Structures are given as structure tokens and as C-alpha cells.
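Residues per chain, in single letters:
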Amino acid sequence: MKYYLIAVEASGDLHASHLMWALKKEDSEAQFRCFGGDFMAAAGGTLVKHYRELAYMGIGPVLRHLPTILGNMRMCKEDIRQWQPDVLILVDYPGFNLKIAKYVKRHAICPVHYYIAPKIWAWKEFRIKNIKRDVDELYSILPFEVDFFEGKHHYSIHYVGNPTNDEVRAFLSTWHMERDSFYRHNTLPENRPLLALLCGSRRQEIKGNLPTMLRVADKYADRYTVVVAGAPGIEREYYQPFLEGHRAKLVTGQTYGLLAEARAALVTSGTATLEAALFRVPQVVCYQTPMPRLYGWLKGIVLKVKYVSLVNLIADREVVTELVANLFSEENVERELENILYGSERQQMMEGYEEVRRRLGINIAPDETARLIVNSLTTTNYSN
């Protein structure tokens, strides 16, 4: 069968590539055409457009590149129409993907499947109307989304497991063979525990979070080796001005190795909070925002959820402390770090992590999704 996949950012490229490998196991005749990246190309996809030419974040960049964005969207629609795939598989990133879904559904080209459900439970809940109208099958990687889509909006979805859980399990299964190399390669002393700083994957996040994290970590540098996790796609030179005057090392492209060894972590909200939990690393969630007092006041109005970290959202309770906006201060971060290093909160957090792991389950997300996709295509006659 012919599979057309769209993933327009780095994380989507990785997740889509794993799904493509899984689809090959289910369908030996699988053909792939895609808007995506290097991982998808390596998995056998014919790359029509690289995500670097597609993903723009924020109002300013979107407006500046609007003609390019619209041109890429027209190209994508026309390419799908000409290739006539058996299925369109969208991965995350609803801004671009839901517009393509609308076109494909309107013209009855093929069924539309969506892997990694859009996070409309956090913002832009109105998009449920588009999803109901244009998406035939929706695959969720977060267990609490089932109640949101099925309970609140009466739209049936598939919870398929969590790919981060899969990746961490796979990493830990071979880590004992890589551990010594990790310490040697990064010239880290093995006789001192590590304190990890995960300050975000975008420049604005690094700029907002890392200075405070470093000031707090300095107070523990006589007992711990402080290590900053460099984000993929951010050059090492960007971190240097922040690191000057601090006793911290930079490790790039090895976040899982760092988490496998860390005693505790300061983590900017995002997937990294779930990664830290799956590695059983006690953490403080930190997130600096512009105009923090105003954001703190508006949080309950703008966001539709009680928490910002995936750990707390999955557990449906506060497992990790979230220091966001007006709560993010050097004093608060230091107090919470002290608690998870030496206080009773450390064991309580470990128990919460086990609850998160149980809720995620044992399904391998891309394998389960591939099985469901192929089964759907082989047992259902598509009609608009």
C-alpha cells in the first residue's frame, strides 16, 4: 500500500520514522512518500519537502514566511492528489496538518489517520470540530487523552502506548555497555553524582531558564558535577556566554545518558519531564515566561489543564513541583532542589513515577499504531 506521511518538525520526523519501520513489518509492499526529515528518508520515504522549510514558530516568523508556508501547503495538497495514496498519516503539529486533512477529506482522496493526537486539551479546543470532520482514525500517546476525546467530545480514539516510554526502555537495556564510554567521552568524574540541567530545546527557553538554573546549581557544585544538556540543533557556542563564570559542563546529544546517571534534575517543561520520570530522576520543573505575574494570573484562563508537565498530567496529581511564571525564582528552585536531593519528597516522587509508568502501559506505540492502520485499511472500504 501507499502511505503518505507528514511530519513538519524534528520530533515528528523521529516518531514518523519509527512508525514507518513498523509499517514495513506489517506490510512488506509498503511505499512511503513524505513531508518530513532525515529519519523518514532513512526509513525509505521519498522526501518531497524537508521540515526545515516548513516549521515556523510564533506569530512574527509565521507572518514573515506566510507566502512560503502557503506555497508549501499548495505543493503538499497537489502532491497528495497526484500520488493518490491509500492513506494519509499526519504526525502531531496541527497548524499545518489539519489544513491538509481538510483538503484530503473534502476531495475524498483517501482516509486520514493522525498519529500523536493534537494537544487540544491544553489550548485551541475548538479544533475538535475539524478533527471530528476530517480525521478518520486518531492515535493517542497519552492515556488521559482518551477521557478527553471520548468522554468529553464523544470521539473514539486509540491509545497506543507512549514512544518516549519505548525509547527509554530500549536505551536502558543496553546502557550498561555504554556507561564507561559516556564518562570518558565527556571527561566526567565517576566518583561524583551528576546534577542535570535540561533547560529547553529552543533558544528563548534556554535564555529564560538556564541563568537561574546555573545560579542554583553553583551552590551544589562542590558535591555534584553540574551538567547542562545541550539541545539538538542548538550549537555549542550558543551556550558559552551562559556558562561563563559557572562550574558546569555542557554535554550535547546525550540527554538519555545524562539522565541515566543523574541524581536529580532541573527540567524545563515538555517531553523532558516525562523522560526524567521514566529514568527515575527526581526533578523540579522550571519555566520562565515573559511578564510572569500577568501569566500567572492568566494561566487558569488561557490553559485548560491543571498542570504543565506531562508527569503530573498523566498521574492526574502533583507528582513533581512546577515552578512556572511567577513561581519560578532562584529561591524557590533552590528550596525544591534541596527537598528532592535530601528530603522525603524524593521517595514520594519515585512512587509517583511508578504510577506514571503503570498508566503508560507496555504497548510499543509505533508497532501498535502500524497494526491498527494496516488492519483498518485492509478491512474497511473507504468512502467520504
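Going by the structure above, here's the rest.
All figures in this text were calculated on a predicted structure; none of them were measured in a lab.

Participant: Would you explain helix H7 (residues 145-152) in this entry?
Facilitator: Along an α-helix, residues three or four positions apart point the same way, because every turn accommodates 3.6 residues. Within the sequence span of H7, burial applies to Glu145, Phe148 and Phe149. Across the axial projection of H7, the buried residues extend over an arc of 80 degrees, all falling on one side. Where H7 is buried, its residues touch helix H6 (128-134) and strand S6 (137-140). Of the residues flanking the end of H7, it is His154, one or two places downstream, whose phi is positive at about 55 degrees.

Participant: What am I meant to see in the pattern of salt bridges here?
Facilitator: A side chain with one charge can pair with a side chain of the opposite charge if their charged atoms come near. Within the structure shown, the criterion is met by 21 salt bridges. We note a salt bridge from Glu261 to Arg179, for which the minimum N-O separation is 3.0 Å. Of this pair, Glu261 sits in helix H11 (residues 255-261) while Arg179 is found in helix H8 (residues 163-185), placing the two residues 82 residues apart along the sequence. On the basis of relative accessible area, Glu261 is assigned to the buried category, the value being 16%. Since its relative accessible area comes to 27%, Arg179 is described here as partly exposed. Of the charged contacts in the structure, one is a salt bridge between Glu334 and Lys219, with a shortest N-O distance of 2.8 Å. Note that Glu334 is positioned in helix H15 (residues 330-342) and Lys219 in the loop between helix H9 (203-218) and strand S9 (225-230), a separation of 115 residues in sequence.

Participant: What am I meant to see in the sheet that holds strand S1 (residues 2-6) here?
Facilitator: Backbone-to-backbone hydrogen bonds pair the strands of a sheet. The strands run either parallel or antiparallel. Read from one edge of the open sheet, seven strands run S3-S2-S1-S4-S5-S6-S7, paired in parallel fashion. Each having just a single partner strand, strand S3 (45-50) and strand S7 (158-159) make up the two edges of the open sheet. Strand direction decides the pairing type here: strand S4 (residues 87-91) and strand S5 (residues 112-115), joined by four bridges, are parallel. Residue pairing for S5: Val91 is matched across the bridge by Tyr115.

Participant: Even after reading the chapter, I still don't get the packing of aromatic side chains, so can you show me in this structure?
Facilitator: The description of an aromatic ring pair rests on the distance of the ring centres and on the angle between the ring planes. This model, assessed by the stated rule, comprises 15 aromatic pairs. Taken together, a centroid distance of 5.6 Å and an interplanar angle of 35 degrees make the contact between Tyr3 and Phe32 tilted. Taken together, the residues Tyr3 in strand S1 and Phe32 in strand S2 (residues 31-36) connect sequence positions 29 residues apart. You'll find Tyr3 and Phe32 in the same group, each marked buried.

Participant: Would you mind going over the side chain of Glu322 with me for this structure?
Facilitator: Relative to the helices and strands, Glu322 is located in strand S13 (residues 322-324). Look at Glu322 and you get buried, because its relative accessible area is 10%. In this structure the side chain of Glu322 is engaged in a polar contact, spanning 3.2 Å, whose partner is the backbone nitrogen of Val308. A polar atom in the side chain of Glu322 sits 3.0 Å from the side chain of Asn312.

Participant: Looking at this model, I keep getting lost on the environment of Gly270. Mind explaining?
Facilitator: Along the chain, the position of Gly270 falls in the loop between strand S11 (262-268) and helix H12 (271-278). Sequence separation of Gly270 and Lys24 is 246 residues, and the distance between their C-alpha atoms is 30 Å.

Participant: Help me out: how do you make sense of the packing of H9 against H15 in this one?
Facilitator: Helix packing geometry: the angle between the two helix axes and the distance between the axes. Two numbers describe how H9 lies on H15: the axes approach to 9 Å, and their chain directions differ by 50 degrees. Between H9 and H15, the crossing angle belongs to the class labelled oblique. For H9 against H15, the interelement crossing comes out right-handed. For the pair H9 and H15, the contacting residues are Thr212, Arg215 and Val216 in the first and Glu330, Val333, Glu334 and Leu337 in the second.

Each value, and the rule that gives it
Residues numbered from 1 in each chain as written. Predicted model: local features only at pLDDT ≥ 70, side-chain atom pairs only at ≥ 80, totals over all residues. Heavy atoms only, no water. Buried < 20%, exposed > 50% of the residue type's maximum accessible area, 1.4 Å probe, protein only. Helix = DSSP H or I, 4+ residues; strand = E, 2+ residues; numbered from the N terminus. Arc of directions from axis to C-beta. Contact = heavy atoms within 4.5 Å. Salt bridge = Lys/Arg side-chain N within 4 Å of Asp/Glu carboxyl O. Pairing = 2+ DSSP bridges. Phe/Tyr/Trp six-rings, centres within 6.5 Å; stacked < 30°, edge-to-face > 60°. Polar contact = N/O pair within 3.5 Å; in protein donor to acceptor, adjacent residues only side chain to side chain. Axes fitted to C-alpha atoms, helices over the stretch in contact; angles between N-to-C directions. Parallel < 35°, antiparallel > 145°, perpendicular 65-115°, else oblique. Left-handed = near helix turned anticlockwise from the far one by under 90°.

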